[in-house]
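The primary structure of each chain is shown beneath.
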Amino acid sequence: MSKLPNVGTTIFTEMSALSVMHQSINLGQGFPDFEMNEKLISLTTDAMRQGHNQYTHMNGLLALRQQIAHKVNELYHNTISADEEITITPGGTYALYTALTAILQPGDEVILFEPAYDSYIPNIEINGAVAVPLPLSFPGYRIDWNLVKSSVNKKTKAIIINSPHNPSGMLLQKEDINALVEIVQRHNLFIVSDEVYEHLVFDGHTHLSMLQFPELYARSFVCFSFGKVYHCTGWKMGYCISPAAFMNEFRKVHQFNCFSCNSPVQYALANFLADKNQYLHLGAFLQQKRDYFFHLMKDTRFKALPALGSYFQLYSYAEISNKNEKDFAIELTESYGVTAIPVSAFYQTPVNNKVLRFCFAKNESTLLAAANRLQNV
Ligand code: PMP
Ligand code: GLN
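Fair warning: this is a prediction, and the values are worked out from it, not measured in the lab.

K.L.:
Mind showing me how you'd approach the side chain of histidine 231 here?
P.N.:
Relative to the assigned elements, histidine 231 resides in the loop between helix H9 (226-229) and strand S8 (238-241). Setting aside anything within four residues of it in sequence, one finds histidine 231 in contact with Pro32, Phe34, Met36, Phe226, Leu282, Phe285, Leu286 and Tyr311.

Written out as C-alpha cells, the structure reads:
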C-alpha cells in the first residue's frame, strides 16, 4: 500500500521533461541558466584538493554555522548559537521535511496556504498528519487571517509560512506578522518558515524573517537554501535555524537520514559567506531581470500580476485561452516552444485562475528569445 497514494510526479520534473522533449525555452522549473560565481567554484575545488573529502560534523561544519550565525545577527539582529541552533542540510526542502517530521504526530493538523510549494503537503502526510490548505486571495495572494482563526482547533500543531512566496512572488507584511503572533501565541503553534528566497526582494521592500521577531522565532524552524543564494540549485545545500530544544529534535531525525552533508562545499561556503556583497545585491540583480522580462512581455497578450520577490512572476492568459492552466502550459510548450508552470499544480483543490508562473532567473538572451516566441501566442 502506498504511503502517499495521491502523489504523482512533481510538476517541475514533468514540465522540465516536456521542455526537453520539445526543446522549448524552459521558464518553468526555478533554476538560473547563468553560471554561478567562479570564486565559489574555486573555493570548492581547493577544499577538495586540500583533502576535505571525508565526513564532517553531523550538524554541519562549525565554521560554516558560525558564518551563518554572524549573518543572522547582522541581518535580523538575532544572536543565535552556531553550536545549538543551526543545522546544515542537503537543501531547503530537506530542512522543511525534517522540521515537520521532528514535530508531527499522527492526526496533528498543519495549516498552510495555497498556492503552496508542492513538497509541503506530502511532507505532512508522510508523517500521518493532516494538511489543512487555506486559499490565499486572488489575485493579491494575501492571507485571510479570519479564515486562519476559524480553521485552528485543538489538533492544529503548526503553520507553514513562505515569504517571499513561491509561486506568487508576494511578501508577508507587518500586519501579517502581527496576526501571526496573535494566533501562534494563543494556540501554541509551531511555525515552519520557508525563507529560501530571503534575498530576492524587489522595489525597496524588505524581507520579514521569523528570525527577527523573538516571539515568533521562539516557536519556529526557519529554512534556507544556498542554491537560491549562490545560483547553484543543483548543489542542494541549505540549513535550518531553530531554538536549541527544537533543533535537538530536528537533529535526531537528521542524524539517521542524511547524517552529514557534502564536506568540501561546506568549507567553500564558510569562506564565501563572509563576502556580504554576494548576497546583499541579489535583489537588485533579480529585479533587473524581472523588469526586463516584464518590459518584453508588454508586447504579448499575457498580463503580469505584481511580483515583489522570488524567482517568479505570474502572468494571466485570461484574454488568450479558456483552457485550464495545465493544458495551456502544455500547449505553450508544444506549439510555441516556451515552458511555464501551471499555478493550479500548487493547489490540492482544483482552481483555474488562468495564470502561469514564469521563472525570470535567466540570461537576458533567454528571456528575449522566450518573449519573442510568446508574442506569437
Ligand atoms: N521552498 C521553496 C518555496 C522553493 O521554491 C524551493 C526551491 N527549490 C525550496 C524550498 C527548496 O530548495 P532546495 O533546492 O534547496 O531544496
Ligand atoms: N523550487 C523550484 C521551483 O519552484 C524547483 C524545485 C524542484 O524542482 N523541486 O520551481
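K.L.:
Explanation requested: the site of ligand 1 in the structure shown.
P.N.:
Gly91, Gly92, Thr93, Tyr117, Asn162, Asn166, Asp194, Val196, Tyr197, Ser225, Lys228 and Lys236 make up every residue found near ligand 1. Here a nitrogen atom of ligand 1 and a side-chain polar atom of aspartate 194 are 2.5 Å apart. Residue serine 225 places a side-chain N or O atom 2.7 Å away from an oxygen atom belonging to ligand 1. Protein burial of ligand 1: of its 390 Å² of free accessible surface, 94% is covered by the chains. Here the residues of the shell around ligand 1 sort into three nonpolar, six polar and three charged.

K.L.:
Sorry, what's going on with the site of ligand 2 here?
P.N.:
All residues adjacent to ligand 2 are Phe12, Gln29, Gly30, Tyr117, Asn166, Tyr197, Lys228, Phe312 and Arg357. Take glycine 30: an N or O atom from its main chain is 2.7 Å from an oxygen atom of ligand 2. For ligand 2, a nitrogen atom lies 3.2 Å from a polar atom in the side chain of lysine 228. For ligand 2, the accessible surface in isolation is 290 Å², of which the surrounding protein chains cover 81%. Applying the majority rule of atoms within 2 Å of the grid points places ligand 2 in the largest pocket. Per-class residue counts for the shell around ligand 2 are four nonpolar, three polar and two charged.

K.L.:
I'm lost on unusual backbone geometry in this one. Help?
P.N.:
Most peptide bonds take the trans configuration, and most residues that are not glycine carry a negative phi. Of note, the amide linkage connecting phenylalanine 138 to proline 139 takes the cis form, showing an omega dihedral of 5°. Mapped onto the elements, proline 139 comes out in the loop between strand S4 (130-135) and helix H6 (145-151). Look at the link from serine 163 to proline 164: it is a cis peptide, with omega at -10°. Turning to its location among the elements, proline 164 is positioned in the loop between strand S5 (156-162) and helix H7 (174-187). Unusually for a residue other than glycine, histidine 77 sits at a positive phi of about 55°. As for its position among the elements, histidine 77 is in the loop between helix H3 (62-76) and strand S2 (86-89). Assessed through its relative accessible area of 67%, histidine 77 is described here as exposed. In this model, serine 310 sits at a positive phi of 80°, which is unusual for a non-glycine residue.

K.L.:
Could you clarify how one ought to interpret the pairing of S2 in this entry?
P.N.:
In regular strands, side chains alternate between the two faces of the sheet. Side chains of S2 alternate between two faces, with Ile86 and Ile88 and Thr87 and Thr89 buried alike. Direction of pairing for S2 relative to S8: antiparallel, over a ladder of four bridges. Paired with isoleucine 88 across the bridge in S8 is tyrosine 239.

K.L.:
Help me understand the nonpolar core, please; the structure alone is not making it clear to me.
P.N.:
A general tendency of soluble globular proteins is for nonpolar side chains to be buried together. Phe302 and Phe358 are the most contacted members of the largest nonpolar core, which has 104 residues in total. Broken down by element, this core gets its largest block of residues, six residues, from H7. With sequence-adjacent residues up to four places away left out, phenylalanine 358 is seen in contact with Leu27, Phe293, Met297, Phe302, Tyr311, Phe312, Gln313, Tyr315, Leu332, Val338, Ala340 and Leu374. Among the nonpolar cores identified, the runner-up in size contains 23 residues, and Ala129, Ile160, Cys240 and Met247 belong to it.

K.L.:
Could you clarify how one ought to interpret the sheet that holds strand S9 (residues 303-304) in this entry?
P.N.:
In any sheet, the strands associate via hydrogen bonds between backbone groups, in a parallel or an antiparallel arrangement. The four strands are arranged S9-S10-S13-S12 in an open sheet whose pairing can be described as antiparallel. Since the sheet does not close on itself, it has two edges, and those belong to S9 and strand S12 (341-342), each with one partner. In this sheet, strand S13 (residues 355-359) lies alongside strand S10 (residues 312-316) in antiparallel orientation, the contact comprising five bridges. Opposite tyrosine 315, over in S13, you have leucine 356 as the bridge partner. Each of S9, S10 and S13 touches helix H13 (residues 282-297); the most contacted strand, S10, lies at about 15° to it.

K.L.:
Where do I start with the packing of aromatic side chains in this structure?
P.N.:
Aromatic ring pairs are described here by two measures, namely the spacing of the ring centres and the angle between the planes. Enumeration according to the criterion identifies 25 aromatic pairs in this entry. On the numbers, 6.3 Å between centres and 45° between planes, the contact of phenylalanine 302 with phenylalanine 328 is tilted. A residue pair is termed long-range when its members are at least 10 positions apart, and phenylalanine 302 in the loop between H13 and S9 and phenylalanine 328 in helix H14 (residues 325-336) qualify at 26 residues. An identical accessibility class is assigned to phenylalanine 302 and phenylalanine 328; each is buried.

K.L.:
Would you mind showing me how to read helix H1 (residues 11-22) here?
P.N.:
Side chains of residues three or four places apart in an α-helix project in the same direction, reflecting 3.6 residues per turn. Helix length check: H1 (twelve residues) gives 16 Å between terminal C-alpha atoms against 16 Å at 1.5 Å per residue, within 8%. Buried positions along H1 lie against strand S1 (25-26), H14, strand S11 (338-339), S12 and S13. Trailing H1 by a residue or two, glutamine 23 shows a phi angle of about 50°, which is positive.

K.L.:
Explain helix H4 (residues 92-103) here, please?
P.N.:
Over its twelve residues, H4 runs 17 Å from end to end, which matches the ideal 16 Å to within 8%, given 1.5 Å per residue. Most of H4 is tucked away, with ten of its twelve residues classed as buried. Among the residues of H4, those classed as buried are Gly92, Tyr94, Ala95, Leu96, Thr98, Ala99, Leu100, Thr101, Ala102 and Ile103.

The rules we used
Residues numbered from 1 in each chain as written. Chains lettered and ligands numbered in written order. Predicted model: local features only at pLDDT ≥ 70, side-chain atom pairs only at ≥ 80, totals over all residues. Heavy atoms only, no water. Helix = DSSP H or I, 4+ residues; strand = E, 2+ residues; numbered from the N terminus. Contact = heavy atoms within 4.5 Å. Near = heavy atom within 4 Å. Polar contact = N/O pair within 3.5 Å; in protein donor to acceptor, adjacent residues only side chain to side chain. Areas by Shrake-Rupley, 256 points an atom, 1.4 Å probe, with all protein chains shown as cover. Nonpolar A, V, L, I, M, F, W, Y, C, P; charged D, E, K, R; others polar. 1 Å grid on protein atoms, 1.4 Å probe; cavity = no way out; pocket = protein on both sides within 12 Å on 5 of 7 lines; lining within 4 Å. Sits in = over half its atoms within 2 Å of the grid points. Buried < 20%, exposed > 50% of the residue type's maximum accessible area, 1.4 Å probe, protein only. Pairing = 2+ DSSP bridges. Core = buried A, V, L, I, M, F, W, Y, C linked by side-chain atoms within 4.5 Å. Axes fitted to C-alpha atoms, helices over the stretch in contact; angles between N-to-C directions. Phe/Tyr/Trp six-rings, centres within 6.5 Å; stacked < 30°, edge-to-face > 60°. Expected span 1.5 Å × (residues − 1).

The values are spatial; any link to function lies outside them.
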